[in-house]
Structure formats: C-alpha cells, structure tokens
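Secondary and tertiary structure notes
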Amino acid sequence: MRILVTGADGLVGRALVARGGGTVVGAGRDEGDLAEMAVRERLLDKYRPDAVIFCAAFTAVDRAGDADVVTRARRINVDAPGAFARRVPTWWLSSNFVFDGPGPHGPGARPAPLGAYAEQKAEGEAAVLAAGGNVCRVGWVYGPGGRTFGSTLFERLSRGETVRAIADVVVQPTLSTHLADSLLALPVGVSHHIGRDDASWFGFALAVQARVGQGCVIAARLSEMGLAAPRPRDARLAPATLPGWPAGVEELVSLERRARGL
Ligand SMILES: NC(=O)c1ccc[n+]([C@@H]2O[C@H](COP(=O)([O-])OP(=O)(O)OC[C@H]3O[C@@H](n4cnc5c(N)ncnc54)[C@H](OP(=O)(O)O)[C@@H]3O)[C@@H](O)[C@H]2O)c1
C-alpha cells in the first residue's frame, strides 16, 4: 500500500508523513502547483499511489474570498480534490466550518457554511463525494512547528509576551499526530476526526501558559478580533473520539521544547 500525501509541508501533511512510516510519500510545494492538471498527472505517474490523502489547501480563512485570490483558492480547495478523486481513491480533508452551529454535528448533518472559505470546503466536499472520494472533517488542529497557533503561542509565551485568545467560541482541539493516526485508517465515506474535549482558544492558551510558566493570556471576544471572515461559535463535530487536549498540550510543549533545544 502506498499513500501519497499532498500538502506535505503543512501542519497535517507533516504529521502524516512522520506517522505513516514506509507507506506514506509526501508531495510538498516544491513538486508544483496542484491546481495544474499537468502537475497532478506528473505526481500520479511518479508515485503511482494506491490512495491519496489530499491536504493541500488555501487555508487563509480571512482571505479566501478576496478578489485577488478567490480564483486560485477555489482551484485548490474545490477543483483539484475533485479531479484527484476521479483518478485515484482519495481522502480529502474538510472542515467543521462547513457548519454554522450550534453543534455537535454528526457526519450526516447538512452543511450550512458561513463565508467564502467555508463555502469552498462545502463545495469541495460535494465535488469529492460526487467523484467517489472520501471526506474527512477535522476541526481546530494544533501541533509543533510552522506558523500555527500552538507553535506561535509557545514561542510568544516563552518570550514573556501577552497573548489575546478568543474565549467565546467552543472548539475541540486535536493534536496533529493524533489526527494523522486516525486519517491513516482511511475510513470510507464522510468521517469526523476530532479531539474529545471541548475548549475555547483562551482555555487552551491558559493551559499552555501554565506549562511554559511565562507570559500572560487575556480573554477576548470573537467580535473584538477584527477577523474578516465570519466564524461559527459552535461548529463542534460528533462523534469526538480522538485524545483530548489536556494530554495533547503536554505533548505539544515537550515537542516545542525539544525542537528549540530547551
Ligand atoms: N489546521 C486546522 O486547524 C484545520 C481545520 C479544519 C480543516 N483543516 C483542513 O485540513 C487540511 C490541511 O490543513 P493544514 O492545517 O495542514 O494546512 P496548511 O498548514 O496551511 O498546509 C497546506 C499546504 O498546502 C499547500 N498548498 C496550498 N496551495 C497549494 C497548491 N495550489 N499546490 C500545492 N500545494 C498547495 C500549502 O503551501 P503554501 O503554504 O506554500 O501555500 C501548505 O503547505 C486543509 O484542507 C484544511 O482546510 C485544517
């Protein structure tokens, strides 16, 4: 069995490559723009995968509807996963943002997306399913490395900075390595892959701060953050079966410390 992971430089792609052992090959940005059919065909010829876990995406939620990027965003968020699913067994990552809340939402719930990014994810789901592919919905993922919330949080708190974090949105934080293990089971149809404990970003940040022992966290309302795209206040997914975040925070902090030689 050979699984090709696209978006291999991203948060989820990195975890899949790290956890997949010999069965996973990763294709990152240096392999080209997956919005181009020629690039997709070249990758399929090169790796001859039995399955694709498609993680490449335009993930800047607040920019996805902007006039200068919307066409590019739609090509990778809607068209490319559908095209892959027509060629090879494909598992595509969607988002809890396809729901407007209140949650928890089961796999059969009807999508009701808010904003351009969420609409692209809902359209991507329809395209992948129509082509015989599989949809794996995930929620808020954290993990080490890159410019992710978890990693940036660790870095800023370690420098003694004050961090504002949203307190009035309920999330189900999921560690990228736990998510990767769940995705590698390649469940058929529409599936949910989400941590079992609810939190707010504020609660999560406080837990990181307690372990880092420096910095300060203050609570903010979603409406105070000046975010361009609308966000659901409660787009929880069910069933929530992956390990909860209190243990994951320990793991995140120790991985970040190790990566920085602390
Ligand atoms: N992380 C979360 O909390 C979360 C929550 C819900 C759903 N998801 C979904 O999970 C999937 C993976 O997310 P992630 O957090 O790993 O995202 P990420 O860290 O932003 O990684 C996405 C990767 O895709 C690459 N990419 C973008 N456009 C591409 C293109 N046209 N051709 C080739 N590569 C391209 C990006 O490269 P560049 O950076 O160079 O553009 C990046 O390396 C996405 O479908 C996302 O919507 C994630």
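All of the points below concern the structure found in this document. Owing to the predicted nature of the structure, the values given are computational and were not obtained by experimental measurement.

Some remarks on the site of the ligand
- The full set close to the ligand counts 22 residues, and G7, G10, V12, A57 and L93 are the nearest of them.
- Broken down by secondary-structure element, the contributors of at least two residues to the shell around the ligand are helix 1 (11-19) and strand 4 (90-95).
- For the shell around the ligand, the leading source of residues is helix 1, giving three residues.
- For the shell around the ligand, the class distribution of residues is 13 nonpolar, six polar and three charged.

A look at the pairing of strand 4
- Burial analysis of strand 4 places six of its six residues in the buried class, the great majority of the element.
- Of the two faces of strand 4, the one lined by T90, W92 and S94 and the one lined by W91, L93 and S95 are each fully buried.
- Bridge count between strand 3 (residues 51-54) and strand 4: three bridges; the pairing is parallel. If you follow V52 over to strand 4, its bridge partner there is T90.
- After leaving strand 3, the chain enters helix 3 (residues 70-87) and then returns to the sheet as strand 4, a path that is right-handed.
- In the sheet, strand 4 pairs with strand 5 (residues 134-138) via five bridges, with the strands oriented parallel. What sits directly across from L93, in strand 5, is C136.
- Viewed along the sheet, the connection from strand 4 through helix 4 (residues 115-130) into strand 5 turns out right-handed.

Points about the packing of helix 7 (residues 201-212) against helix 8 (residues 245-259)
- Look at helix 7 against helix 8: their axes get within 10 Å of each other, and the N-to-C directions meet at 45°. Overall, the two elements helix 7 and helix 8 adopt an arrangement that is oblique. Where helix 7 crosses over helix 8, the two elements pack in a sense that is right-handed. Where helix 7 approaches helix 8, its residues F204, A207, V208, R211 and V212 are matched on the opposing element by W245, P246, V249, E250 and V253.
- A breakdown of the residues in the contact of helix 7 with helix 8 according to their chemical character gives eight nonpolar, no polar and two charged.

Description of helix 5 (residues 149-158)
- Every buried residue of helix 5 is accounted for by G150, L153, F154 and L157. Viewed end-on, helix 5 has its buried residues packed into an arc of 100°, placing them on one side of the element.
- On the buried face of helix 5, the contacting elements are strand 6 (141-142), strand 7 (162-166), helix 7 and helix 8.
- Count one or two residues on from helix 5 and you reach G160, which has phi positive near 80°.

Concerning the sheet that holds strand 9 (residues 190-193)
- With respect to topology, six strands assemble into an open sheet ordered 2-1-3-4-5-9, the strand pairing being parallel. Every other strand in the sheet has two partners, leaving strand 2 (24-27) and strand 9 as the edge strands with one partner each. For this sheet the average axis-to-axis angle between neighbouring strands, irrespective of direction, equals 25°.
- Two strands pair when backbone bridges link them, and strand 1 (residues 3-6) and strand 3 are joined in this way by four bridges, in the parallel orientation. Within the sheet, the bridge partner assigned to T6 lies in strand 3 and is F54.

Each value, and the rule that gives it
Residues numbered from 1 in each chain as written. Predicted model: local features only at pLDDT ≥ 70, side-chain atom pairs only at ≥ 80, totals over all residues. Near = placed C-beta within 6 Å. Helix = DSSP H or I, 4+ residues; strand = E, 2+ residues; numbered from the N terminus. Nonpolar A, V, L, I, M, F, W, Y, C, P; charged D, E, K, R; others polar. Buried ≥ 20, exposed ≤ 12 C-beta atoms within 10 Å, placed from the backbone. Pairing = 2+ DSSP bridges. Right-handed = clockwise from strand over helix to strand, strands pointing away. Axes fitted to C-alpha atoms, helices over the stretch in contact; angles between N-to-C directions. Parallel < 35°, antiparallel > 145°, perpendicular 65-115°, else oblique. Left-handed = near helix turned anticlockwise from the far one by under 90°. Contact = placed C-beta atoms within 7 Å. Arc of directions from axis to C-beta.

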